[in-house]
Amino acid sequence: MVSRLFALSASLALLSLLIPSAYGKTASFHVEEGSNNIYFSVNIKYNGDITAVSLMQTDSPYSRENGWQPLTHNYANVWRFDPKDPTMPPFSIKITDSQNNNFVANDVIPPNWKPNSVYTANLVQA
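For clarity, every value in this text was computed on a predicted model and none was experimentally measured.

J.: Residue-level account of the pairing of strand β1 (residues 26-31), with values.
T.: Relative to strand β9 (residues 117-122), β1 runs antiparallel, the two being bridged by six bridges. What sits directly across from Ala-27, in β9, is Ala-121. The sheet contact formed by β1 and strand β2 (residues 40-46) spans five bridges and is antiparallel. Residue pairing across strands places Ala-27 opposite Tyr-46, the latter belonging to β2.

Spelled out as structure tokens, the structure:
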């Protein structure tokens, strides 16, 4: 019995290393007032120090070609995106923390997003 429990515990530990997730990590994204399809600003609530933020426009041909696009740090936890062309939501957002870990909130900003709204997501380790 004890050996089965040990084997199960070891299997679960190994499985947790193989599955790309950030179990228990969440973030909320407050889309700032003034955001629109040519300027996007977001205040990120995350339990950790954020060193970089990137955005992927899921339905945009530009993003599929160029991948993650970096946001500019404004102040505190506010980051902004100044695209060359109008944006095409939904948006996935990637957070890089102070330990250089990357976490992604897939499609966290929906197609019908509104300024002054909050969207919350479970994060997946990238």
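J.: Give a description of the sheet that holds β9 that names residues and reports values.
T.: What the five strands build is an open sheet, ordered β5-β6-β2-β1-β9; its pairing is antiparallel. Edge positions in the sheet fall to β5 (72-75) and β9, since each has one partner strand and no second. Taken over all neighbouring pairs, the strand axes of this sheet differ in orientation by 30° on average, direction set aside. Bridge analysis of β2 against strand β6 (residues 78-81) gives four bridges, and the strand direction is antiparallel. Pairing of Ser-41 across the sheet is with Arg-80, part of β6.

J.: Can you lay out the environment of Phe-81 for me, pointing to particular residues and giving the numbers?
T.: Mapped onto the secondary structure, Phe-81 falls in strand β6. Distance in space between the C-alpha atoms of Phe-81 and Ile-38 is 8.4 Å, their sequence separation being 43 residues. Every residue in contact with Phe-81, bar those within four places of it in the chain, is listed here: Tyr-39, Phe-40, Leu-55, Gln-57, Gln-69, Pro-70, Leu-71 and Thr-87.

J.: Describe the pattern of salt bridges, and please don't skip the residues or the numbers.
T.: In total, this model carries one salt bridge according to the counting rule given. When the shortest N-O distance is used, the salt bridge between Arg-80 and Asp-82 registers 2.7 Å. Residue Arg-80 is classed as partly exposed on the basis of its relative accessible area, which comes to 25%. Taking the relative accessible area as the measure of exposure, Asp-82 reaches 43% and is therefore partly exposed.

About the cut-offs
Residues numbered from 1 in each chain as written. Predicted model: local features only at pLDDT ≥ 70, side-chain atom pairs only at ≥ 80, totals over all residues. Heavy atoms only, no water. Pairing = 2+ DSSP bridges. Helix = DSSP H or I, 4+ residues; strand = E, 2+ residues; numbered from the N terminus. Axes fitted to C-alpha atoms, helices over the stretch in contact; angles between N-to-C directions. Contact = heavy atoms within 4.5 Å. Salt bridge = Lys/Arg side-chain N within 4 Å of Asp/Glu carboxyl O. Buried < 20%, exposed > 50% of the residue type's maximum accessible area, 1.4 Å probe, protein only.

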